[in-house]
Amino acid sequence: MIGMYLVFRSLSVISLALAMLTTALPRYSIYFVVAIIVIILLLCLVEWFVPKTIKINGEKTNLVLEYGDLLKKTNGIIVIPVDRNYNTTVDDIIISSNTLHGKFINNIVRNKDAFVSELSSALKSEPDEKGAFETQQPGHVVPVTLNGCTYYLLALSKLDQNNKAHCTPEEYAKAIETLMGYIDTNFNGKKIYMPLIGGGLSDVFGSINDTESLQILVSLIKLSQNARIDEIHIIIYKHSKHHALIQMVN
């Protein structure tokens, strides 16, 4: 969708430019200008959509920023941020079906009873009537294996009485630090895939934009100094309106 929009918009600009140049330049000069514009357009599209790799931890770790759908990854370790009670009820009240947490339960979890049982064993508690477990600390990780993939369920936000998610900047930083330490100990050489963690939580980032949110996440990963990890991918949802997001992060 984004790619088609950008191409259409770029072609519209080119058409307008050509209409203006037709009356202003000789015939062969127009061909030259068209070639230059097409080259610029192709370079822009490559810049927008090609993954960006940042070397961190003394260049021992590749941090790859790319567009895609995290839930379509079929190998490695996939990080899924959830609330601190590991809620399992996707009803658009407790958990929205539009969130990554909700999509994970609806689209990846095939056997809900077995999934709840695995959470109960890991958290050493039973869910209440609404499907919520005892509250965990920010950064707590529950690993689950589903359909041949390993998912790290990361406790991040806390739901208030109105089921609105909250997470302070301090809790967010602690969660990322704890997550990276857990990954460094348990990843067993696998690639790591994660979303823009916390990007939708207003309590964490306030009014800053997604580019700044991504920069904060990248900075926290850099600070973790987990040099054993070979490759970490931050996956930006492919329909994000911020088409140049990853190219603006250092």
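Nothing here was measured: the structure is a model prediction, and the numbers come from that model.

For the rest of this paragraph, the subject is helix α3 (residues 100–108). Looking at α3, one finds that the buried residues are His 101, Gly 102, Phe 104, Ile 105 and Ile 108. Check the buried side of α3 and you find it contacts β3 (77–83), α4 (112–123), β4 (141–146) and β5 (149–159).

A few words on the pattern of salt bridges. If you walk through the whole model with that rule in mind, you get three salt bridges. Note that Arg 228 and Asp 184 form a salt bridge whose closest N and O atoms lie 3.9 Å from each other. On the criterion of sequence distance, the pair formed by Arg 228 in the loop between α7 (210–224) and β8 (231–237) and Asp 184 in helix α5 (residues 169–186) is long-range, its members being 44 residues apart. Overall, Arg 228 belongs to the partly exposed group, its relative accessible area being 49%. Asp 184 sits in the buried class, given a relative accessible area of 15%.

Remark: the centre distance and the inter-plane angle together describe each pair of aromatic rings, the angle taken between the planes. This structure, assessed with the given rule, holds three aromatic pairs. Plain terms: the ring middles of Phe 104 and Phe 115 are 5.9 Å apart, the flat faces sit at 70° to each other, and that makes the pair edge-to-face. Of this pair, Phe 104 sits in helix α3 while Phe 115 sits in helix α4; the two residues are eleven residues apart in sequence, bridging distant segments of the chain. You'll find Phe 104 and Phe 115 in the same group, each marked buried. Seen in terms of ring centroids, Tyr 152 and Tyr 182 are 5.2 Å apart; in terms of plane orientation they differ by 80°. Their pairing is edge-to-face. In this pair, Tyr 152 sits in strand β5 while Tyr 182 sits in helix α5, placing the two residues 30 residues apart along the sequence. For Tyr 152, a relative accessible area of 3% translates into the label buried. Here a set of aromatic residues connected by ring pairs shows up, and it is made of Phe 104, Phe 115 and Tyr 151.

This part covers the side chain of Glu 231. Take Glu 231: it is sitting in strand β8. The class of Glu 231 is buried, set by a relative accessible area of 19%. Polar side-chain contacts of Glu 231 include one of 2.6 Å to the side chain of His 233.

Cut-off values and rules
Residues numbered from 1 in each chain as written. Predicted model: local features only at pLDDT ≥ 70, side-chain atom pairs only at ≥ 80, totals over all residues. Heavy atoms only, no water. Buried < 20%, exposed > 50% of the residue type's maximum accessible area, 1.4 Å probe, protein only. Helix = DSSP H or I, 4+ residues; strand = E, 2+ residues; numbered from the N terminus. Contact = heavy atoms within 4.5 Å. Salt bridge = Lys/Arg side-chain N within 4 Å of Asp/Glu carboxyl O. Phe/Tyr/Trp six-rings, centres within 6.5 Å; stacked < 30°, edge-to-face > 60°. Polar contact = N/O pair within 3.5 Å; in protein donor to acceptor, adjacent residues only side chain to side chain.

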